[in-house]
Amino acid sequence: MSGPPFSANARKLLRCLLRFYREIGPGATPGLNGLDEEAGLERWELSEAVAVLRAKGLIEYWELQPAVRLTPEGLRAVLRLQEEGGG
């Protein structure tokens, strides 16, 4: 990846979702309630990060719960960030 592809808030959310993925598995779908605290974000920062990552196709979003989870592309992106030292 060249340049900073994600904001600091988006990176925080990606790292948080990766922790859920590693602890629970590929089906990990944490609800948004409390996810801001887990990711170290304010509620408005979480909403912004979700919108950006969803638009890029890196997370799936369920409005009913609401909840999010990494897509395969999102998993690859966060793993690349870690390899490059940005994760």
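You'll find the structure just up there.
Predicted, not measured: the structure shown is a model, and the values here were computed from it. (Residues numbered from 1 in each chain as written. Predicted model: local features only at pLDDT ≥ 70, side-chain atom pairs only at ≥ 80, totals over all residues. Heavy atoms only, no water.)

K.L.:
Whenever I open this one, the pattern of salt bridges confuses me. Can you help?
P.N.:
Where side chains of opposite charge bring their charged atoms close, a pairing between them can arise. A complete count under the given rule lists 3 salt bridges for this structure. Of the charged contacts in the structure, one is a salt bridge between Glu60 and Arg69, with a shortest N-O distance of 3.2 Å. (Salt bridge = Lys/Arg side-chain N within 4 Å of Asp/Glu carboxyl O.)

K.L.:
Can you help me understand the side chain of Asn9 in this one?
P.N.:
Mapped onto the elements of the fold, Asn9 is located in helix H1 (residues 8–24). Asn9 gets classed as buried once you look at its relative accessible area, which sits at 14%. (Helix = DSSP H or I, 4+ residues; strand = E, 2+ residues; numbered from the N terminus. Buried < 20%, exposed > 50% of the residue type's maximum accessible area, 1.4 Å probe, protein only.)

K.L.:
Just to check I follow, could you spell out the packing of H1 against helix H3 (residues 43–55) for this structure?
P.N.:
Where H1 contacts H3, the axes come no closer than 9 Å and their chain directions differ by 80°. One way to sum up the angle between H1 and H3 is to call them roughly perpendicular. Contacts from Asn9, Ala10, Leu13 and Leu14 of H1 reach H3 at Glu45, Leu46, Glu48, Ala49, Val50 and Leu53. Of the residues contributing to the contact of H1 with H3, the split by class is 7 nonpolar, 1 polar and 2 charged. (Axes fitted to C-alpha atoms, helices over the stretch in contact; angles between N-to-C directions. Parallel < 35°, antiparallel > 145°, perpendicular 65-115°, else oblique. Contact = heavy atoms within 4.5 Å. Nonpolar A, V, L, I, M, F, W, Y, C, P; charged D, E, K, R; others polar.)

K.L.:
How should H1 be read in this particular structure?
P.N.:
Side chains that are three or four residues apart share a direction in an α-helix, a result of its 3.6 residues per turn. With 17 residues, H1 ought to run about 24 Å at 1.5 Å a step, and its terminal C-alpha atoms sit 24 Å apart, in line with that. Turning to H1, its buried residues are Asn9, Ala10, Leu13, Leu14, Cys16, Leu17, Leu18 and Phe20. Tucked inside the fold, the buried residues of H1 contact helix H2 (35–39), H3, strand E1 (59–62), strand E2 (67–70) and helix H4 (72–83). Following H1 by one or two positions, Gly25 adopts a phi angle in the positive range, close to 120°. (Expected span 1.5 Å × (residues − 1).)

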